Amino acid sequence: MQKFCKYLLVSPVICGVMLFVNTAAFAGETSGTSEINQAQVLANPDTRATNIASDQTMAQVTSVSQFSDVQPTDWAFQALQSLVERYGCIAGYPNSTYRGNRALTRYEFAAGLNACLDRVNELIATATGDLVNKQDLATLQKLQEDFSAELATLRGRVDAVEAHSAELEANQFSTTTKLQGEVIAVASDVLSGNTVNGAEITDENTTLGLRARIELVTSFTGKDTLFTRIQADNILSPNIGTPEGNLFFAGDGTTNAFIDALYYKFPLGERTEVTALANAAAADDITSTVNLFDGDGSFGALSTFGTRNPIYGQINGAGLAVTHEFSDKLALSLGYLSGTANDPTRNNGLFNGSYGALAQLTVKPNDRISFGFTYINSYNQRLLTGSNAATLAPLDLDGDGTLDSRFSSNSYGVEASIGIIDNIVLGGWAGYTNSRTLNGNRGDVDIWNYAVTLGFPDLGKQGNLAGIIAGVEPRVTSSNVPGLDRDADTSYHLEAFYQYKLTDNITITPGVIWLTSPDHNNDNDDVVIGALRTTFSF
């Protein structure tokens, strides 16, 4: 220990003295104007170089700032500061100069080194005076004997932890990939309502469906993400004669598993992120939808309308997205997704088929307030919820599920989320869509939707969420397309749910969706849909 302490103390001193030897030699060789004949006075007054003049007495200093010719910008300033202020073994001239550019004689070097070594010996004696003695060692030995059983137990536990860690490392799924999953079970039924658009509602049986997801989250650099999701979904929304009130988590009704989402996200600089999306991408993969209730069907709202502004439904498929953060409060997202990217046939493909192009400016003044300003240009991408007219169902003349008219749309949206207090969040949105048919019965259609939301995070327990959604689903306010009339009346969407966290991995969410005058038709019965969602995550 003493040798180690000596090494720590001596090393910087020797290096510092050697530094000044080299400095002086270099100055003597290169500077023709250096004060080569001027004497340098060292800290020890009894040791003097043979060429020191009798009138140049030594001046002890305690701070390097006392040297008038030494500046903080000098390359050796820190080393000189250490020798003067830490070790106290360097002195200057009586006129408060150091004269660092003059050459150093061998006598001066010997005197300076001796002064610094004397100082080091003093420091070593002081430092080693407080080292442990025999009595301390005896005390430590007694404590070790008294607690030998506890130390043995602790040693055994450490060995067990090391063995367990080695086993986990040997059997881990992957060094770069995290495996996670989720299963939601949904029981739903039409609780009220008999007739919509002159037809009886027949889907009035209680149903139970499941959506299972396995997700692989991979990172190669620690900053990028390769996301792969495999999904099977047999949940079906009840057919009530209108797309209004459909459940967001509904699937194709089968248990076929397929790759539902696949994308690679990586940074481009400090504030730009690029995402390449290969399959089943949606708006929430590109930008924030600025809605507390957007839990992608697993959490939050139950309905498609309550999950996010319906205009976001016009962009899905495969493509590319870029998000740039100008600051922590302002971000711009750009994205392009094609619904027919993998189809090489005529009028399809990445650029000739259906697509959606999004631009959104997201403003976040503080942690509680967020705004989104959204524009979407799309081709052959209709809304996923709203009245039959708003989803352009009348353009499906043969009833095969595909529209017989091509159309383009321009949509504009404003979204907001405002945390009034920690447990109350006020939100909402407004969306406008103008769709134009490009063949057949040509014309324009104006579609509006809006909603107000009220959220209660952590209601009753941390992790819970209660929500209320009130608004108007997409409604055609004007149309000059033959066969596609405007919606004469107004239907209101009222939804309430309570998401209760049973455990860290199990959440149960009962909820109700009430549609007044479904399909924006006062002649239709009000419809009430009930759903109970249980989410298992791992």
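Here is a short report on the structure shown in this document. (Residues numbered from 1 in each chain as written. Predicted model: local features only at pLDDT ≥ 70, side-chain atom pairs only at ≥ 80, totals over all residues. Heavy atoms only, no water.)

## Overview of the overall build of the protein
On a plain count of helices and strands, the protein comes out with seven helices and 22 strands. Across the 538 residues that make up the protein, the buried fraction comes to 41%. Here the protein has roughly 28200 Å² of accessible surface; of this, 55% comes from carbon and sulfur atoms. (Helix = DSSP H or I, 4+ residues; strand = E, 2+ residues; numbered from the N terminus. Buried < 20%, exposed > 50% of the residue type's maximum accessible area, 1.4 Å probe, protein only. Areas by Shrake-Rupley, 256 points an atom, 1.4 Å probe, with all protein chains shown as cover.)

## Examining the pairing of strand S16 (residues 407–421)
With 11 bridges connecting them, strand S15 (residues 369–379) and S16 associate as antiparallel partners. Residue pairing in the sheet places Ser378 in a bridge with Ser409 of S16. Taken together, the 14 bridges between S16 and strand S17 (residues 424–437) define a ladder with antiparallel strand orientation. When the sheet's bridge partners are listed, Ser408 is paired in S17 with Arg436. Where S16 folds back on S17, the antiparallel hairpin that results is connected by two residues. (Pairing = 2+ DSSP bridges.)

## Topic: the packing of aromatic side chains
The description of an aromatic ring pair rests on the distance of the ring centres and on the angle between the ring planes. Scanning the entire structure with this criterion turns up 11 aromatic pairs. When the centroid spacing of 6.3 Å and the interplanar angle of 40° are considered together, the rings of Tyr498 and Tyr500 count as tilted. For Tyr500, a relative accessible area of 31% puts it in the partly exposed group. Three or more aromatic residues link up through ring pairs in this structure, and these residues are Tyr336, Phe351, Tyr355 and Tyr379. (Phe/Tyr/Trp six-rings, centres within 6.5 Å; stacked < 30°, edge-to-face > 60°.)

## Some thoughts on the side chain of Ser417
Tracing the backbone through its elements, the reader meets Ser417 in strand S16. Excluding residues within four positions of it along the chain, Ser417 makes contact with Val290, Arg368, Ile369, Ser370, Val425, Leu426 and Gly427. (Contact = heavy atoms within 4.5 Å.)

## Quick look at the pairing of strand S22 (residues 527–537)
By the criterion of burial, S22 is predominantly enclosed, with eight of the 11 residues buried. With 10 bridges connecting them, strand S3 (residues 177–192) and S22 associate as antiparallel partners. Note that in S22 the partner of Ile184 across the bridge is Thr535. Direction of pairing for strand S21 (residues 506–516) relative to S22: antiparallel, over a ladder of 10 bridges. Within the sheet, the bridge partner assigned to Val512 lies in S22 and is Gly530.

## Quick look at a nonpolar patch on the surface
A surface patch of nonpolar side chains, amounting to about 470 Å² of accessible area, comprises Leu137, Leu140, Leu143, Phe147 and Leu151. Ranked by residues supplied to the nonpolar patch, first place goes to helix H4 (residues 134–146) with three residues. Turning to its location among the elements, Leu143 is positioned in helix H4. For Leu143, a relative accessible area of 43% translates into the label partly exposed. (Patch = residues over 30% accessible without salt bridge, like charges linked within 9 Å, V, L, I, M, F, W, Y side chains within 5 Å. Salt bridge = Lys/Arg side-chain N within 4 Å of Asp/Glu carboxyl O.)

## Description of the pattern of salt bridges
Inspection of every chain in the model, using the stated rule, returns 14 salt bridges. Close ionic contact of Arg211 with Glu182 constitutes a salt bridge, the shortest N to O distance being 3.2 Å. Taken together, the residues span a long stretch of sequence, with Arg211 in strand S6 (residues 207–218) and Glu182 in strand S3 at a distance of 29 residues. One exposure class covers both Arg211 and Glu182, and it is buried.

## Brief notes about helix H2 (residues 77–86)
Three or four residues apart is the spacing at which side chains of an α-helix point the same way, because the helix has 3.6 residues per turn. Looking at H2, one finds that the buried residues are Phe77, Leu80, Leu83 and Val84. Along the axis of H2, the buried positions cluster into a sector of 135°, meaning they face one direction only. A positive phi of about 60° marks Gly88, the residue just after H2. (Arc of directions from axis to C-beta.)

## Observations regarding the nonpolar core
Membership of the largest hydrophobic core comes to 15 residues, with the highest contact counts inside it found for Ile240, Phe249 and Val527. Every element with two or more residues in this core is listed here: S3, S21 and S22. What Ile240 contacts, discounting residues up to four positions off in sequence, is Val190, Val196, Ile201, Leu515, Val527 and Ile529. One finds Ala281, Ile315, Leu337 and Leu358 within the second-largest nonpolar core, a separate group that totals 14 residues. (Core = buried A, V, L, I, M, F, W, Y, C linked by side-chain atoms within 4.5 Å.)

## A look at the side chain of Ser378
Relative to the elements of secondary structure, Ser378 occurs in strand S15. Accessibility expressed as a relative area gives 0% for Ser378, which makes it buried. For Ser378, the residues in contact, after removing those within four places along its chain, are Gln314, Tyr355, Gly356, Phe407, Ser408 and Ser409.

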